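Now for the letters of each chain:
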Amino acid sequence: MSKGLYDMEIIRTLKQLNEKLANVQSKSVGFVPTMGALHNGHLSLIEKARIENDLLVVSIFVNPSQFGPNEDLKTYPRQEGADLKLIELIDVDFVFIPEVSEIYPREMGMEITPIKRTAVLCGQTRPTHFAGVAMILIKLFNLVQPTRAYFGLKDAQQFAVIDLFVTDLNIPVEIIGLPTVRNQRGLALSSRNAYLSEIAYNQAHQIHAALLAGHKEIKNYTFERIKLIILDDLSKRINAKVEYVEILSYPELEDINELSEQIIIAVAIVYESARLIDNIIIHSDGTLAQEIRRNIQ
Ligand code: AMP
């Protein structure tokens, strides 16, 4: 148990979590799941959750099942001390930091496989990623039983998949997607930005600039043309490999040729050893989406 600015409690076991939450059943519980290496993007979710709920639970867990075999599970930044210092500045009630063996005490005997919204965008190069995300979030939702759970729209495909399984499995939680927090130049904050060299870090905001260039023309050209404009912009501005530039309906993530409903323009690039993603979500009237709420109850 740590005493910072607020009375935040660190919880490491399922047993402790159950005991603590058993006493707060009548209150609204806000939940922010994270993998740590916290930055202002995470803090924006935590602050929003604080305002909207009586009790606030933040989890820090680098979930092995969402990493592919050649991905950065081993090197993913882990900095519990620094994370707790940041969280202590906000009035968080419980920080749940379980060991892997606590969440996965034995080899799983089942899988959860979202079959929609996962074959496109990051699902093409990360075929098992969203199954791992669904697995950990269903576990965490069952353990924490939150009233509301908060996510960043920076990971918009992730939010679309969460929207899918929460709806299909009737999970009684309101999910809230909040806008991407960026640095002053427009680079989306990400724990993986730590992998960038100084030169790359100083160029990476061009991804957002290219997305905005696409948004500017969204009503003037076909989506095929808009994608080319963004690709062209990216290749001129930044020396990185573009993995995809896509325009799809959102959150369905299906092919779409006109702005008849909400869309996403999503980009992934591989820059040095970092794989960076970014997106903008555009309403059918052409304005940028800020916050998305889904409450199936
Ligand atoms: P992670 O620790 O990367 O799993 O992220 C935990 C949560 O923080 C996820 O819901 C992310 O979408 C969200 N998040 C990460 N980066 C940002 C950002 N720049 N702005 C807003 N939310 C973010």
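Our structure's up above, just so we're on the same page.
Bear in mind that the values here come from a model prediction, so they are computed numbers and not experimental data.

## Some words on the site of the ligand
With respect to spatial proximity, 17 residues lie near the ligand, and among them Met 35, His 42, Asp 155, Val 181 and Leu 189 are the closest. Gly 152 has a polar backbone atom sitting 2.9 Å from an oxygen atom of the ligand. Measuring from a nitrogen atom of the ligand, one finds a backbone N or O atom of Val 181 at 2.8 Å. Residue assignment for the shell around the ligand shows that the elements contributing at least two residues are β2 (29-34), α2 (40-52) and β5 (148-152).

## Side note on the pattern of salt bridges
One pass over the full model with this rule turns up 21 salt bridges. Asp 72 is the partner of Arg 192 in a salt bridge, and the nearest nitrogen-oxygen pair spans 2.8 Å. With Arg 192 in the loop between β6 (174-178) and α7 (198-203) and Asp 72 in the loop between β3 (55-60) and α3 (80-88), this pair connects stretches of sequence that are 120 residues apart. Taken as a pair, Arg 192 and Asp 72 share a single burial class, namely buried. Among the ionic pairs, Arg 293 bridges to Glu 291, the shortest N-O distance being 2.7 Å. Take Glu 291: its relative accessible area is 33%, and that puts it in the partly exposed class. Each of the salt bridges in this network shares a partner with another, and the network as a whole consists of Lys 48, Glu 52, Arg 148, Glu 174, Glu 291 and Arg 293.

## What to know about the environment of Ala 119
The residue Ala 119 is located in the loop between α4 (100-103) and α5 (129-144) in this model. Through-space distance from the C-alpha of Ala 119 to that of Leu 212 is 25 Å; in sequence the pair is 93 residues apart.

The rules behind each value
- Residues numbered from 1 in each chain as written.
- Predicted model: local features only at pLDDT ≥ 70, side-chain atom pairs only at ≥ 80, totals over all residues.
- Heavy atoms only, no water.
- Near = heavy atom within 4 Å.
- Polar contact = N/O pair within 3.5 Å; in protein donor to acceptor, adjacent residues only side chain to side chain.
- Helix = DSSP H or I, 4+ residues; strand = E, 2+ residues; numbered from the N terminus.
- Salt bridge = Lys/Arg side-chain N within 4 Å of Asp/Glu carboxyl O.
- Buried < 20%, exposed > 50% of the residue type's maximum accessible area, 1.4 Å probe, protein only.

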